[in-house]
Amino acid sequence: MGLFCLLIGYLAYFQVFKSETVISSSYNSRLDLYAEHVIRGDIVSSDGVVLATTDVSEDGTETRSYPYGRMFAHAVGYFNNGKSGVESSYNFNLLRSHSFFLKQIINDLKDEKNMGDSVVTTLDYDVQEAAYNALGSNDGAVVVLEASTGKVLAMVSKPDYDPNTLASEWDTIVNDDSSSVLLNRVTSGSYPPGSVFKIFTTLEYIHENADYNEYVFDCVGELSVDGNEIHCYHSIEHGTQDLISSFANSCNTSYANIGLTLNISSFQSLLEEMLFNTTLPGSLSSTASSFVLTAEDGTGKIMQTAIGQGDTTVTPLHMAMVAAAIDQDGVAWTPYIVDHTENENGTTVKRYRASEYGSIMSESDAAIMQEYMSAVTSYGTASALSGQSYTAAGKTGSAEYDSEGNSHGWFVGYASKEGYSDIAIAVIVEDGGSGSSSAVPVAKAVFDVYFNQ
């Protein structure tokens, strides 16, 4: 009797919480049966722009088309040769029809297909266009979140592909071992964080040192400890630095010095609270950010790790979540990319609500980081964002990726303006050098468009 009750309970749980996920799986071949009776629905931006649609010719041939091609490639995904993006995650929803039931009956009698439901995303067309154009010909990624909800307003990954011609180019792409055009760098790009990692190093130092405001370091552009050398970007001499100026000026030697004082075990715990070494919440499949450091590791690795090098890797989506949490006084929201589904008449079928993940840092920690990240844009490495119609805060980074000193450019931050929802952003420009010169202009272009809509 007990086993029977457990079985009934599980079946009820499956129907309510798990059934749609299983049905929507790209491995579920039964979904092909839906396509025999339903025309695949549209995918639409939050402001009503059609991003994917099904064209039906006079002879009934259906062709999936993407009016904006490459611009939304990784967010919307593709439908031929498998599926990705929203096309994959919401496959079941696109193949369901909630048209008026009498119309469905008549269509069935006439052996005609019903129109599938539309999936209305959280993507903002203007913000996506601004991010896509600002990244230009560079490889990299941009992700923009509404800080108070986790809505994905923009998701850009380059290099990209044209989903309209992907089927004909498929064999060429998959047989090219050097091609990464199908990789969504926002969710699956694992990058060294460079100086944006100093957000976490700073918090750990503050946790361990109540007198952190008394910290002083004399930067001469390089630091050598036990034969291990750390240089500031282009060996710039920052002079006397306290903690906040070390952060604002992104002083590597100061942070390498700080790293040597930290309790590595405590540091590991803080980073796990910050969602390192775990899958991010939500339906956006993402690679876990990785932090690997032990107390037994040598001086060199500890110094490198403290400034965001070493073996640490992060995804742009993770860093955008952290920036949003700082803006929201420590509370993180689960990222999501679909707002609701609706039938062909515009009637809402299902709405997806914002979901609070929980606090990943205390309110006091968030307040400190708000002050420090504001210093970066006021007089530090992202001062190009000062004096705007909006208020921005963030952290730049230059993440070395090879032994020759070549680096990716980072910017992670958030911005606010009265009358608008706060937004958080993560930008990485591959081989962009300094974040100040490559990533900050991308963030500024996005902020400029969003806060002038």
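Before reading further, recall that the structure is shown in the block above.
Conventions we followed
- Residues numbered from 1 in each chain as written.
- Predicted model: local features only at pLDDT ≥ 70, side-chain atom pairs only at ≥ 80, totals over all residues.
- Heavy atoms only, no water.
- Helix = DSSP H or I, 4+ residues; strand = E, 2+ residues; numbered from the N terminus.
- Rg over C-alpha atoms; globule rule 2.2 N^0.38 Å.
- Contact = heavy atoms within 4.5 Å.
- Areas by Shrake-Rupley, 256 points an atom, 1.4 Å probe, with all protein chains shown as cover.
- Lys, Arg positive; Asp, Glu negative; His and termini not counted.
- Charge placed at Lys NZ, Arg CZ, Asp CG, Glu CD.
- Pairing = 2+ DSSP bridges.
- Patch = residues over 30% accessible without salt bridge, like charges linked within 9 Å, V, L, I, M, F, W, Y side chains within 5 Å.
- Salt bridge = Lys/Arg side-chain N within 4 Å of Asp/Glu carboxyl O.
- Buried < 20%, exposed > 50% of the residue type's maximum accessible area, 1.4 Å probe, protein only.
- Core = buried A, V, L, I, M, F, W, Y, C linked by side-chain atoms within 4.5 Å.
- Phe/Tyr/Trp six-rings, centres within 6.5 Å; stacked < 30°, edge-to-face > 60°.
- Lys NZ or Arg CZ within 6 Å of the ring centre and 35° of its normal.
- 1 Å grid on protein atoms, 1.4 Å probe; cavity = no way out; pocket = protein on both sides within 12 Å on 5 of 7 lines; lining within 4 Å.
- Points joined across faces, edges and corners; volume = space filled by probe spheres on them.
- Nonpolar A, V, L, I, M, F, W, Y, C, P; charged D, E, K, R; others polar.
- Axes fitted to C-alpha atoms, helices over the stretch in contact; angles between N-to-C directions.
- Parallel < 35°, antiparallel > 145°, perpendicular 65-115°, else oblique.
- Left-handed = near helix turned anticlockwise from the far one by under 90°.
- Polar contact = N/O pair within 3.5 Å; in protein donor to acceptor, adjacent residues only side chain to side chain.

Bringing the overall build of the protein chain into the picture now. The helix and strand tally for the protein chain stands at 18 helices and 19 strands. In summary, the protein chain has a C-alpha radius of gyration of 24 Å against a globular reference of 22 Å for 453 residues, a match within 12%. Along the longest, intermediate and shortest principal axes, the C-alpha atoms of the protein chain span 80 × 60 × 50 Å. Sequence-distant contacts in the protein chain: of pairs separated by 6 or more residues, those separated by 24 or more amount to 67%. Summed over its atoms, the accessible surface of the protein chain is roughly 19,500 Å², and 48% of this surface lies on carbon and sulfur atoms. With 21 positive and 57 negative side-chain charges, the protein chain shows a spacing of 12 Å between the two charge centroids.

With that settled, the discussion passes to the sheet that holds strand β15 (residues 348–351). With mixed pairing, the 6 strands of this open sheet are ordered in space as β4-β3-β2-β6-β14-β15. The sheet terminates laterally at β4 (62–65) and β15, the two strands that pair on one side only. As paired elements, strand β2 (residues 43–44) and strand β3 (residues 50–56) share 2 bridges and run antiparallel to each other. Across the sheet, residue Ile43 finds its bridge partner in β3, namely Ala52.

What follows concerns a negative patch on the surface. A grouping of Asp218, Glu222, Glu229 and Glu237 is seen on the molecular surface, where their side chains present a negatively charged patch. One can find Glu222 in strand β10 (residues 222–225).

Let's shift gears to the pattern of salt bridges. Taken as a whole, this structure holds 12 salt bridges when the rule is applied. For the salt bridge of Glu87 with Arg64, the shortest nitrogen-to-oxygen distance reads 2.9 Å. One end of the pair, Glu87, is in helix α4 (residues 85–89); the other, Arg64, is in strand β4, and 23 residues separate them in sequence. Its relative accessible area of 0% is what places Glu87 among the buried residues. Between Asp448 and Lys444 there is a salt bridge, with its nearest N and O atoms 3.0 Å apart. Of this pair, Asp448 and Lys444 both sit in helix α18 (residues 440–450), 4 residues apart, roughly one helical turn. For Lys444, a relative accessible area of 24% gives the class partly exposed. Counted as one network, the salt bridges with shared partners bring together Arg40, Arg64 and Glu87.

Turning our eyes to something else, we now look at the nonpolar core. Counting residues in each nonpolar core, the largest one holds 118 residues, and the members touching the most others are Phe200 and Phe447. Considering every element that reaches this core, the biggest residue donor is helix α15 (residues 316–327), with 9 residues. Setting aside anything within four residues of it in sequence, one finds Phe447 in contact with Leu385, Tyr390, Ala392, Phe411, Tyr414, Ala415, Ile423 and Ile425. Membership of the second largest hydrophobic core comes to 7 residues, among which are Ala73, Tyr78, Tyr161 and Val181.

Attention now goes to the packing of aromatic side chains. The tally for this structure, following the rule as stated, stands at 24 aromatic pairs. Site record: aromatic cluster; members linked through ring pairs are Phe197, Phe200, Phe267, Phe276 and Phe291. One residue, Lys395, lies across the ring of Phe247, its end atom 5.5 Å from the ring centre.

When its volume is computed, the second largest pocket comes out at roughly 540 Å³. Forming the boundary of the second largest pocket are 25 residues, of which His231, Cys232, Tyr233, Asn252 and Ser398 lie nearest the centre. The greatest single-element share of the lining of the second largest pocket, amounting to 4 residues, is contributed by strand β17 (residues 391–400). Class assignment of the residues belonging to the lining of the second largest pocket gives a composition of 5 nonpolar, 18 polar and 2 charged.

Turning next to the packing of helix α10 (residues 198–208) against helix α13 (residues 264–273). The axes of two packed helices give the description: the angle between them and the distance between them. Orientation of α10 relative to α13, taken along the N-to-C sense of each, is 125°, at an axis distance of 10 Å. With respect to α13, the axis of α10 lies oblique. Considering the relative orientation of α10 and α13, their crossing is right-handed. Residues Phe200, Thr201, Leu203, Glu204, His207 and Glu208 of α10 form the contact with α13, whose own contacting residues are Ser266, Phe267, Leu270 and Leu271.

Its place among the elements puts Thr149 in the loop between β7 (140–146) and β8 (152–158). Under the relative-accessibility criterion, Thr149 is labelled buried at 14%. C-alpha separation for the pair Thr149 and Lys301, spaced 152 residues apart in sequence, amounts to 37 Å. Setting aside its immediate chain neighbours within four residues, Thr149 contacts Trp333, Thr334, Tyr336, Ala354 and Ser355. Within the structure, the side chain of Thr149 is placed 3.2 Å from the backbone nitrogen of Lys151, a separation counted as a polar contact.

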